[in-house]
Amino acid sequence: MSTSKWGSGDYLQLTASKLKIETLSEEEKKALGNLKEAIAKAGYEDCPDLFLLRFLENTSYSPEKAFEKLTVCLKWYTENKIGDLLMEAEPKENEIMKKLIPHSVTNGVDNEGRPLYIELTGKIKANMLAANISKEQFLQCHAWGMQQMIMRGEVSSKELKKPVTKFAMIMDLEGLGPGHRVGLPFILSVIAFDDKYYPNFLGKVYVVNGGWLFPMMFQILKPTLPQFILDQVELVSGNPAEGLLNFFPKETLPPMYGGSGPEVPILDTSDLKSASATTWDGEELEEVNIGAGDKLEICIEAENGAGTFGWYFISDGDYDVGFSVAVEEKEQKEGEQIIARKYEKLITDQGSYTSKGPCTVTLTWDNSYSLFTSKTIKFIASVAEVDISG
């Protein structure tokens, strides 16, 4: 199968897009034409309608606003070769994702024909995420999954002869507790990612087994959630095996929800790194206490050439601490910095940065906002000089 920079076959949603265009008003078709012309002038002459329609819908069919957001997406999409993320090109890190985040993408569709993603959110091994996968790898796996949902939407469009351009999700919160807050940075990164690159792709989120904790956590998260998520949340109260059958065919749902579809696999995680480990890839973690109102800065250098810098840390007791990574390349003007990791309050993080030449990397843990609570972190920071001449 030949693949263009946009993808191939069902990943382009040619049928869904054609059917969608047939439903547009004359004003909306005019907006589509204006956006297509503007995008072509920006160097994307062959941009599929799939992208144009999604961003127009996201901006209430304003070609100007859609153009501003879409050009950012297309640059990311082509530079990262997202069109190559076919089913057979599953990232190897997705095996880790399957173990830490029990989920299924093979359970059919809802009553509207939207492909279904099931996630056992309450069974996520949140405390092991950063120990085993970086945010960048996490988002790459997520992009692969989103591409598969696009492909499945096209299959539904062909079968139902109507545009299926969104997906549905079952979010099962059974087992969710305060300890899951350690995974919040990953959740927020996905929300921001989808808002930027996959807007208006989420059709419905059916929340089950919310218990007493969900309303409280939802109120905490609500200010951070974009409107496109808030509009799609459907709380299914009571027994999911009864409530979900109102929205899904029986053959789509797994037996635990009263259906006859495949079970959601829960995989063994014994071969993964423990969040409480005292070593990282065989190296001893250093332990430091950061006093209330205090900061910790660690500087590491690549003195003779380019370097790949790596870091990992975890805070004891599920306490967050401000964390950022800044880089000063020696070829830059004095005082100029590259932000390799934007400041964020985190419980754990893992990442890397490869410099263009000799440089100094500063890792900062900031507890200045805490009036009374000190934070104990375990971390490792390293550098390996690399040859980037080739």
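Read on for a plain summary of the structure. (Residues numbered from 1 in each chain as written. Predicted model: local features only at pLDDT ≥ 70, side-chain atom pairs only at ≥ 80, totals over all residues. Heavy atoms only, no water.)

1. Overview of the overall build of the chain
Selection rule: Secondary structure elements are defined from DSSP: runs of H or I of at least 4 residues count as helices, runs of E of at least 2 residues count as strands, and each element is numbered from the N terminus. What the globule rule says is 2.2 Å times the number of residues to the power 0.38, and the radius of gyration is computed from C-alpha atoms. Exposed residues in this analysis have more than 50% of their type's maximum accessible area, buried residues have under 20%, and partly exposed residues fall in between, with area computed by a 1.4 Å probe over protein chains only. Here the Shrake-Rupley method, with its probe set to 1.4 Å, supplies the accessible areas, and only the displayed protein chains count as covering residues. By the counting rule applied here, Lys and Arg register as positive and Asp and Glu as negative, while His and the ends of each chain are not counted. Where a charge lies is defined by one atom per residue type: Lys uses NZ, Arg uses CZ, Asp uses CG and Glu uses CD.
Summing up its helical and strand segments, the chain has 11 helices and 15 strands in all. Against the globule reference of 21 Å for 390 residues, the chain gives a C-alpha radius of gyration of 23 Å, in line with a compact fold. Of all 390 residues assigned to the chain, the portion counted as buried reaches 50%. Total accessible area computed for the chain in this model is approximately 19,000 Å², and 52% of it derives from carbon and sulfur atoms. Side chains of the chain carry 39 positive and 57 negative charges; the gap between the two charge centres is 6 Å.

2. Thoughts on a nonpolar patch on the surface
This is how it is decided: Exposure above 30% relative accessible area and the lack of any salt bridge qualify a residue for a patch; like charges then connect within 9 Å, and the nonpolar side chains Val, Leu, Ile, Met, Phe, Trp and Tyr within 5 Å. One speaks of a salt bridge when a side-chain nitrogen belonging to Lys or Arg is within 4 Å of a carboxyl oxygen belonging to Asp or Glu.
On the surface, Trp212, Met216 and Ile220 cluster together into a nonpolar patch covering about 420 Å² of accessible area. The topology assignment puts Ile220 in helix α9 (residues 213-221).

3. Things to note about the packing of helix α4 (residues 63-79) against helix α8 (residues 184-197)
Under the convention used in this document: An axis is simply a line fitted to the C-alpha atoms; with a helix, the fit covers only the stretch in contact. Between two such axes, the angle follows the N-to-C directions and lies from 0 to 180 degrees. Between 65 and 115 degrees an angle is taken as roughly perpendicular, under 35 as roughly parallel, over 145 as roughly antiparallel, and anywhere else as oblique. Any two residues whose heavy atoms approach within 4.5 Å at even a single point are treated as in contact. When residues are grouped by polarity, Ala, Val, Leu, Ile, Met, Phe, Trp, Tyr, Cys and Pro land in nonpolar, Asp, Glu, Lys and Arg in charged, and all others, Gly among them, in polar.
At a closest axis distance of 8 Å, the pairing of α4 and α8 adopts a crossing angle of 110°. Considered as vectors, α4 and α8 are oriented roughly perpendicular to each other. On α8, the residues that touch Lys69, Val72, Cys73 and Trp76 of α4 are Phe193, Asp195, Lys196 and Tyr197. Looking at the contact of α4 with α8, its residues break down into five nonpolar, no polar and three charged.

4. Overview of the pattern of salt bridges
Using the criterion set out here, one finds 16 salt bridges in the structure. The partner of Arg341 in a salt bridge is Asp349, and the shortest N-O contact between them spans 2.9 Å. Accessibility assignment for this pair places Arg341 and Asp349 in one class, buried. Members of the salt-bridge network, linked through shared partners, are Glu90, Glu95 and Lys98.

5. Thoughts on the pairing of strand β2 (residues 116-119)
Where we set the bar: Here a strand pair is declared whenever DSSP counts at least two bridges between the two strands.
Burial along β2 is two-sided: Leu116 and Ile118 and Tyr117 and Glu119, pointing in opposite directions, are all buried. Pairing of strand β1 (residues 103-104) with β2, which is carried by two bridges, proceeds in the antiparallel orientation. For Ser104, the partnering residue across the bridge sits in β2 and is Ile118. Note that β2 and strand β3 (residues 167-172) share four bridges and pair parallel. Of the residues in β3, the one forming a bridge with Glu119 is Met171.

6. Comments concerning helix α7 (residues 135-160)
The test is simple: A helix is expected to reach a length of 1.5 Å times the quantity of its residues less one.
Helix length check: α7 (26 residues) gives 37 Å between terminal C-alpha atoms against 38 Å at 1.5 Å per residue, within 8%. A large share of α7 lies buried, amounting to 19 of its 26 residues. Phi for Lys161, located one or two positions after α7, is positive at around 55°.

7. Regarding empty space enclosed by the protein
Condition: A pocket here means an open set of points on a 1 Å grid, computed over the protein atoms alone, that has protein on both sides within 12 Å along at least five of seven lines. A cavity is instead a set of points where a 1.4 Å probe fits but cannot get out; residues with an atom within 4 Å of a point line either one. Grid points are joined across faces, edges and corners, and a volume is the space filled by probe spheres set on the points.
On inspection of all chains with the given rule, the structure shows two cavities of 30 Å³ or more. Approximately 110 Å³ is the volume found for the largest cavity. Gln13, Ser17, Lys20, Leu50, Leu53, Arg54, Glu57, Thr165 and Asn200 together form the lining of the largest cavity. Elements that contribute at least two residues to the lining of the largest cavity include exactly α1 (14-22) and α3 (49-58). For the lining of the largest cavity, the element with the highest residue contribution is α3, accounting for four residues. Residue classes in the lining of the largest cavity are distributed as two nonpolar, four polar and three charged. Taken together, Leu50, Phe51, Arg54, Cys73, Trp76, Tyr77, Gln147, Ile150, Tyr197 and Tyr198 form the lining of the second largest cavity. Residue composition of the lining of the second largest cavity, grouped by class: eight nonpolar, one polar and one charged.

8. Considerations on unusual backbone geometry
What you tend to see is this: most non-glycine residues have negative phi, and most peptide bonds are trans. Even without a glycine there, the phi angle at Tyr61 is positive, about 60°. Its place among the elements puts Tyr61 in the loop between α3 and α4. Look at Asn200: it is not a glycine, yet its phi comes out positive at around 60°.

9. Side note on the environment of Gly211
As for its position among the elements, Gly211 is in the loop between β4 (202-208) and α9. You can call Gly211 exposed: its relative accessible area is 59%. Between the C-alpha atoms of Gly211 and Met169, which are 42 residues apart in sequence, the distance is 18 Å.

10. Brief notes about the packing of aromatic side chains
When we look at a pair of aromatic rings, we describe it by the centre distance and by the angle of the planes. Condition: Put simply, two rings from Phe, Tyr or Trp (the six-membered ring, in Trp's case) pair if the centres are within 6.5 Å, and we call them stacked under 30 degrees between planes, edge-to-face over 60, tilted for the rest. Placement of a positive charge over a ring is assigned whenever Lys NZ or Arg CZ falls within 6 Å of the ring centre and within 35 degrees of the normal to the ring plane.
Scanning the model with the defined rule gives 20 aromatic pairs in all. When the ring of Trp76 is compared with that of Tyr198, the centres are 6.1 Å apart and the planes differ by 85°; the resulting orientation is edge-to-face. Of this pair, Trp76 sits in helix α4 while Tyr198 sits in the loop between α8 and β4, placing them 122 residues apart in sequence. Neither residue differs from the other here; Trp76 and Tyr198 are each classed as buried. Aromatic side chains Tyr206 and Phe248 sit 5.1 Å apart centroid to centroid with 70° between the ring planes, which places their arrangement in the edge-to-face category. In this pair, Tyr206 sits in strand β4 while Phe248 sits in the loop between α11 (240-243) and β6 (279-280), placing the two residues 42 residues apart along the sequence. The exposure class of Phe248 is buried, given its relative accessible area of 2%. Grouping aromatic residues by their ring pairs yields a cluster made of Trp6, Tyr44, Phe51, Trp76, Tyr77, Phe167, Phe193, Tyr197, Tyr198 and Phe201. Taking the ring centre of Phe201 as reference, the NZ or CZ of Arg54 above it sits at 5.3 Å. Above the plane of the ring of Tyr369 lies Lys345, whose end atom (NZ or CZ) is 4.0 Å from the centre.

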